[in-house]
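Summary of structural features
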Amino acid sequence: QVYKYITKPWDPGELKDVVKHATETYALLRKRAHELDRAQQQASLLSALVNVPQTCGTINEYLATTAKIVGESFQTASCLVQTVEGSCLQTDKGVFASLDFEEYQIEEDPLIMDAITTRKIQLFLSKSSSAYIDYYSDKGIGVHLVIPLIHEDATSAVLSLRWKDDSTLEKEDISTLYLLSHQL
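Residues numbered from 1 in each chain as written. Predicted model: local features only at pLDDT ≥ 70, side-chain atom pairs only at ≥ 80, totals over all residues. Heavy atoms only, no water.

With respect to the overall build of the protein chain
When you go through the protein chain residue by residue, the secondary structure sums to five helices and five strands. The N-to-C order of helical and strand elements in the protein chain reads α-α-β-β-α-β-α-β-β-α. The C-alpha atoms of the protein chain give 22 Å as radius of gyration, which overshoots the globular expectation for 184 residues (16 Å, by more than 25%). Structurally, the protein chain occupies a C-alpha span of about 75 × 40 × 35 Å along its principal axes. For the protein chain, the proportion of its 184 residues judged to be buried stands at 33%. Contacts spanning at least 24 positions in sequence make up 53% of the contacts within the protein chain whose residues lie at least 6 apart. Here the protein chain has roughly 11,600 Å² of accessible surface; of this, 53% comes from carbon and sulfur atoms. Computed over 17 positive and 26 negative side-chain charges, the inter-centroid distance for the protein chain is 10 Å. (Helix = DSSP H or I, 4+ residues; strand = E, 2+ residues; numbered from the N terminus. Rg over C-alpha atoms; globule rule 2.2 N^0.38 Å. Buried < 20%, exposed > 50% of the residue type's maximum accessible area, 1.4 Å probe, protein only. Contact = heavy atoms within 4.5 Å. Areas by Shrake-Rupley, 256 points an atom, 1.4 Å probe, with all protein chains shown as cover. Lys, Arg positive; Asp, Glu negative; His and termini not counted. Charge placed at Lys NZ, Arg CZ, Asp CG, Glu CD.)

Quick notes on helix α3 (residues 110-118)
Those residues of α3 that sit buried are Pro-110, Leu-111, Ile-112, Ala-115 and Ile-116. The secondary structure elements touched by the buried residues of α3 are β1 (78-85), β2 (88-97), β3 (122-125), α4 (133-138), β4 (143-151) and β5 (154-163). By the N-cap criterion, in which a side-chain oxygen at the helix start approaches the backbone nitrogen of a residue two or three places on, α3 is capped by Asp-109, the distance to Leu-111 being 2.9 Å. Of the residues trailing α3, Arg-119 is marked for its positive phi of about 60 degrees. (Polar contact = N/O pair within 3.5 Å; in protein donor to acceptor, adjacent residues only side chain to side chain.)

Considerations on the sheet that holds β3
Ordered in space as β2-β1-β5-β4-β3, the five strands form an open sheet in which the pairing is antiparallel. Strands at the two margins of the open sheet, each flanked by one partner only, are β2 and β3. Across the sheet, the mean angle from the axis of one strand to that of its neighbour is 15 degrees, orientation sign disregarded. The pairing of β4 with β5 spans nine bridges and is classified as antiparallel. Each bridged residue has a counterpart across the sheet, and for Leu-145 the counterpart in β5 is Leu-161. Sitting on the sheet, helix α5 (residues 171-181) is in contact with β3, β4 and β5, with an inclination near 25 degrees to β4. (Pairing = 2+ DSSP bridges. Axes fitted to C-alpha atoms, helices over the stretch in contact; angles between N-to-C directions.)

Digging into the packing of helix α1 (residues 12-55) against α5
Two elements in contact, α1 and α5, have axes whose closest approach is 12 Å; the angle formed by their N-to-C orientations is 25 degrees. Taken together, the axes of α1 and α5 lie roughly parallel to each other. Where α1 crosses over α5, the handedness of that crossing is right-handed. In this structure, α1 uses Arg-38, Gln-42, Leu-45, Leu-46 and Leu-49 to contact α5, whose residues at the interface are Glu-172, Asp-173, Thr-176 and Leu-180. (Parallel < 35°, antiparallel > 145°, perpendicular 65-115°, else oblique. Left-handed = near helix turned anticlockwise from the far one by under 90°.)

Here we look at the pairing of β3
Both faces of the sheet carry side chains from a regular strand, because those side chains alternate between them. Of the two faces of β3, the one lined by Gln-122 and Phe-124 is fully buried and the one lined by Leu-123 and Leu-125 carries no buried residue. Bridging between β3 and β4 involves four bridges; their strand directions are antiparallel. Paired with Phe-124 across the two strands is His-144, which belongs to β4.

Quick look at the nonpolar core
Of all hydrophobic cores here, the largest spans 22 residues; its most connected members are Leu-49, Val-70, Phe-74, Cys-79, Leu-159, Leu-161 and Leu-177. Secondary-structure elements contributing two or more residues to this core are α1, α2 (59-73), β1, β4, β5 and α5. Among residues more than four places away in sequence, those in contact with Val-70 are Leu-45, Leu-49, Cys-79, Leu-159, Leu-161, Leu-177 and Leu-180. Judged by nonpolar contacts, the second largest core, of 15 residues, contains Phe-101, Ala-115, Tyr-136 and Val-158. (Core = buried A, V, L, I, M, F, W, Y, C linked by side-chain atoms within 4.5 Å.)

Spelled out as structure tokens, the structure:
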């Protein structure tokens, strides 16, 4: 795409300015296109999740469909939505997992238990120092994000997303998931 035509003979200073402005314009356009794509993805995700209750007959269908939609949207290795009563995980759950991801006993998962008891978002990154580095490294998990779903001042479910590497989770993703958690 042509930014601006420059006629000969050109002034070297003017040429530098034109190139500088062209690169700034291109960077701004890329940033806006990225923001627009993210906004469209968020709208699509919310639209899909709004329709889930109308299409599911049981709580387990609802949880499984929700886990699949969220897992695919954020390209997770695994996504779990599981109900909680008191401070205990219940049997009602929905799981989405990629073909090459092996599930494990989530009842023993320290971040899930921390999210339930503290009612705060928990995040593990393999590149950061964490007390859980050995636990998650052994399971091939690079990032684990757990969001407690709060209803009437109690944790009613947890949303657990796991990726194999650090490169797939962006700050905007966490913000979107936090906003999403208030809709579930």
